[in-house]
Amino acid sequence: MRKKYETIFILKPDLEEEAIKAEIDKVKGVIENGGGQVTSIDEWGMRKLAYEVKKLKEGYYVFMTFDAAPELPRELERVYKINDNILRHIIVRDEE
């Protein structure tokens with residue numbers, strides 16, 4: 001049974017354009033390799049953080065929606081935690 005999810009992750013502000021694309025593709029790859037399907041990717045771009053994270057005041061925001069089995073968000077969470085370029089992240093189930 002597939003469910004709808006939304007995720008937002010914040011990348012380090014000092015990444016170059018190719019590195020940002022690579023990180024987005026990495027997250028997309030985790031979802032697709034886990035049997036999920038990305039329905040939209042919305043790059044919000046550079047924004048000021050609500051509070052300092054690792055002495056940084058801004059980050060590159062990416063919002064993504066996807067359909068996946070209930071086990072996939074756990075794997076995505078693991079990948080987020082081991083990626084040094086991701087400052088913060090959240091995954092929520094979309095209750096339609």
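## Focus: the pattern of salt bridges
By the definition in use, this model includes seven salt bridges. Measuring nitrogen to oxygen at the nearest pair gives 3.0 Å for the salt bridge that ties Lys21 to Glu43. Remark: Glu43 occurs in strand 2 (residues 37-53) and Lys21 occurs in helix 1 (residues 17-33); sequence separation between them is 22 residues. Residue classification places Glu43 among the partly exposed positions, given a relative accessible area of 31%. Close ionic contact of Glu23 with Lys26 constitutes a salt bridge, the shortest N to O distance being 3.4 Å. With Glu23 and Lys26 both in helix 1 and three residues apart, this pair spans about one turn of that helix.

## Considerations on the side chain of Asn83
Structurally, the position occupied by Asn83 is in the loop between helix 2 (72-82) and strand 4 (86-93). Residue Asn83 is classed as buried on the basis of its relative accessible area of 12%. Polar side-chain contacts of Asn83 include one of 2.9 Å to the backbone nitrogen of Asn85. Those residues in contact with Asn83, other than ones at most four positions away along the chain, are Glu23 and Lys26.

## Looking at the environment of Ile10
Here Ile10 is to be found in strand 1 (residues 3-11). The spatial distance from the C-alpha of Ile10 to the C-alpha of Leu87 is 5.5 Å, given a sequence separation of 77 residues.

## Concerning the pairing of strand 3 (residues 56-68)
With respect to burial, strand 3 is a largely interior element, 10 of its 13 residues being buried. Bridge analysis of strand 2 against strand 3 gives 11 bridges, and the strand direction is antiparallel. Counted as the bridge partner of Arg47 is Gly59 from strand 3. Here strand 2 folds back onto strand 3 in antiparallel fashion, the turn holding two residues, of which Lys54 has a positive phi close to 50 degrees.

## Structural notes on the confidence of the model for the chain
Per-residue pLDDT for the chain averages 95, and the proportion of residues at 70 or more is 99%. When pLDDT is averaged over each element of the chain, strand 3 comes out on top at 97 and strand 2 at the bottom at 95.

## Observations concerning the sheet that holds strand 1
One open sheet accounts for four strands, arranged 2-3-1-4; its pairing is antiparallel. Each edge of the sheet is formed by a strand with only one pairing partner; in this case those strands are strand 2 and strand 4. Pairs of neighbouring strands in the sheet enclose a mean axial angle of 20 degrees, with direction left out of account. Examined bridge by bridge, strand 1 and strand 3 share nine bridges and lie antiparallel to one another. Pairing of Thr7 across the sheet is with Met64, part of strand 3. Across the sheet, helix 1 is in contact with strand 1, strand 2, strand 3 and strand 4; its angle to strand 2 comes to roughly 130 degrees. Of the strands in this sheet, strand 1, strand 3 and strand 4 are in contact with helix 2, which crosses strand 4 at around 170 degrees.

Reading the values: the criteria
Residues numbered from 1 in each chain as written. Predicted model: local features only at pLDDT ≥ 70, side-chain atom pairs only at ≥ 80, totals over all residues. Heavy atoms only, no water. Salt bridge = Lys/Arg side-chain N within 4 Å of Asp/Glu carboxyl O. Helix = DSSP H or I, 4+ residues; strand = E, 2+ residues; numbered from the N terminus. Buried < 20%, exposed > 50% of the residue type's maximum accessible area, 1.4 Å probe, protein only. Polar contact = N/O pair within 3.5 Å; in protein donor to acceptor, adjacent residues only side chain to side chain. Contact = heavy atoms within 4.5 Å. Pairing = 2+ DSSP bridges. pLDDT = per-residue confidence, 0-100. Axes fitted to C-alpha atoms, helices over the stretch in contact; angles between N-to-C directions.

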